[in-house]
Amino acid sequence: CYDSVRQRIVLVAGNQSTGLQTWEWNGVSWSLGQTGGVSGRHSFALAYDAARGRTLLFGGSQGSSVGYADLWAWDGISWTQISNGGPTPRYASAMVYDAQRQTVVLFGGEGSIAGQPRRFDDTWEWNGTYWLNHFGIAAPVARYGHAMAYDSVRQRVVLFGGYAGYFGIEKNDTWEWDGTSWTQRSIVNPPYERASHGLAF
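What counts, and where the lines are drawn
- Residues numbered from 1 in each chain as written.
- Predicted model: local features only at pLDDT ≥ 70, side-chain atom pairs only at ≥ 80, totals over all residues.
- Heavy atoms only, no water.
- Helix = DSSP H or I, 4+ residues; strand = E, 2+ residues; numbered from the N terminus.
- Rg over C-alpha atoms; globule rule 2.2 N^0.38 Å.
- Buried < 20%, exposed > 50% of the residue type's maximum accessible area, 1.4 Å probe, protein only.
- Contact = heavy atoms within 4.5 Å.
- Areas by Shrake-Rupley, 256 points an atom, 1.4 Å probe, with all protein chains shown as cover.
- Lys, Arg positive; Asp, Glu negative; His and termini not counted.
- Charge placed at Lys NZ, Arg CZ, Asp CG, Glu CD.
- Core = buried A, V, L, I, M, F, W, Y, C linked by side-chain atoms within 4.5 Å.
- Salt bridge = Lys/Arg side-chain N within 4 Å of Asp/Glu carboxyl O.
- Pairing = 2+ DSSP bridges.
- Axes fitted to C-alpha atoms, helices over the stretch in contact; angles between N-to-C directions.
- Patch = residues over 30% accessible without salt bridge, like charges linked within 9 Å, V, L, I, M, F, W, Y side chains within 5 Å.
- Phe/Tyr/Trp six-rings, centres within 6.5 Å; stacked < 30°, edge-to-face > 60°.
- Lys NZ or Arg CZ within 6 Å of the ring centre and 35° of its normal.
- Polar contact = N/O pair within 3.5 Å; in protein donor to acceptor, adjacent residues only side chain to side chain.

Caption draft 1: Expanded view of the overall build of the protein chain. Each helix and strand counted, the protein chain has zero helices and 17 strands in total. A globule of 201 residues ought to have a C-alpha radius of gyration of about 17 Å, and the protein chain, at 16 Å, matches this closely. With respect to the three principal axes, the spread of C-alpha positions in the protein chain is 40 × 40 × 35 Å. Considering the protein chain as a whole, with its 201 residues, one finds that 42% of them fall into the buried category. Taking as baseline every contact in the protein chain between residues at least 6 positions apart, the subset at least 24 positions apart corresponds to 45%. As displayed, the protein chain has an accessible area near 9800 Å², and 51% of this comes from carbon and sulfur atoms. The protein chain carries 15 positive and 16 negative side-chain charges, and their two centres are separated by 1 Å.

Caption draft 2: Main features of the nonpolar core. Core analysis: the biggest nonpolar cluster contains 13 residues, and L56, M95, V104, L106 and W131 have the highest contact counts within it. Elements with a minimum of two residues in this core: β5 (45-49), β6 (54-58), β7 (71-74), β9 (94-98), β10 (103-113) and β11 (116-126). Among all residues touching M95, those that are not within four sequence positions of it are A45, L46, A47, L56, L57, F58, V104, V105, L106, W131 and M148. The next biggest cluster of nonpolar side chains, apart from the first, holds eleven residues, and it includes V96, F107, L159 and W182.

Caption draft 3: View of the pattern of salt bridges. Inspection of the entire model under this criterion finds eleven salt bridges. For R90, the salt bridge goes to D122, with nearest N and O atoms at 2.8 Å. Remark: D122 occurs in strand β11 and R90 occurs in the loop between β8 (79-83) and β9; sequence separation between them is 32 residues. Considered together, R90 and D122 belong to a single accessibility category, that of buried residues.

Caption draft 4: A look at the sheet that holds β11. Taken together, the four strands give an open sheet; going across it, the order is β9-β10-β11-β12, and neighbouring strands pair in antiparallel fashion. In this open sheet, the two edge strands, each paired with only one partner strand, are β9 and β12 (131-133). Direction aside, the axes of adjacent strands within the sheet are offset by 30 degrees on average. Looking at chain direction, β11 and β12 are connected through three bridges and run antiparallel. Its bridge partner being in β12, W124 is matched across the sheet by N133.

Caption draft 5: Main features of a nonpolar patch on the surface. Together, Y2, I9, L11 and W30 make up a nonpolar patch on the protein surface, roughly 370 Å² of accessible area in all. Within the secondary structure, Y2 is located in strand β1 (residues 2-3).

Caption draft 6: A look at the packing of aromatic side chains. For the structure on display, the rule yields eight aromatic pairs. An angle of 45 degrees between the planes, with centres 5.4 Å apart, marks the rings of W25 and W30 as tilted. Three or more aromatic residues joined by ring pairs make a cluster, and in this case those are F58, W124, W126 and W131. One residue, R41, lies across the ring of Y68, its end atom 3.9 Å from the ring centre.

Caption draft 7: Spotlight on the side chain of T123. Residue position: T123 is located in strand β11. By relative accessible area, T123 is classed as buried at 1%. At 2.8 Å, the side chain of T123 and the side chain of W182 are in polar contact. Excluding anything up to four places from it in sequence, T123 contacts V105, L106, F107, L132, N133, H134, I137, W177 and W182.

Taken by themselves, the reported measurements are silent on function.
Right under this line is the structure:
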């Protein structure tokens, strides 16, 4: 993700076996910022919180079904855990910063409840202090491996694709979040169904 204050691309790489490394790209070269700081995991969500000037990392998995629910912040020097409550443990969710409302939006993901696999269709927002859950709203079907980006011109979070259902069915639907509700967009000739892809504005 892009750190607009420090003008760096922040990349976090690794897994439960190798641990995590945090790298930064300044437009000319890569530099290793830190090894460790956050326990080894994969399939976490990453977004830059411009209102508070920190890169946020949420959740992820340490194995096939062990999910995390912790939130970490990177200030360019080190990682600090800032929350461990809110969304249930999950991985392969999507997270993006909403500049108009100055919140970080998290949707979906996969985890387990009482030992049973569970895919989520819940919408959460991090306001810099605590998580807010938008209970009881119409939303995209539960999924993981989807992608989200923030459209700063139209002031909407855009969601596309992902795996839905319990048979890993790939989707090609497009949704928009305006801070209150989700709206599905009717798209002529949309991209093919896909998951674990990227999306950018």
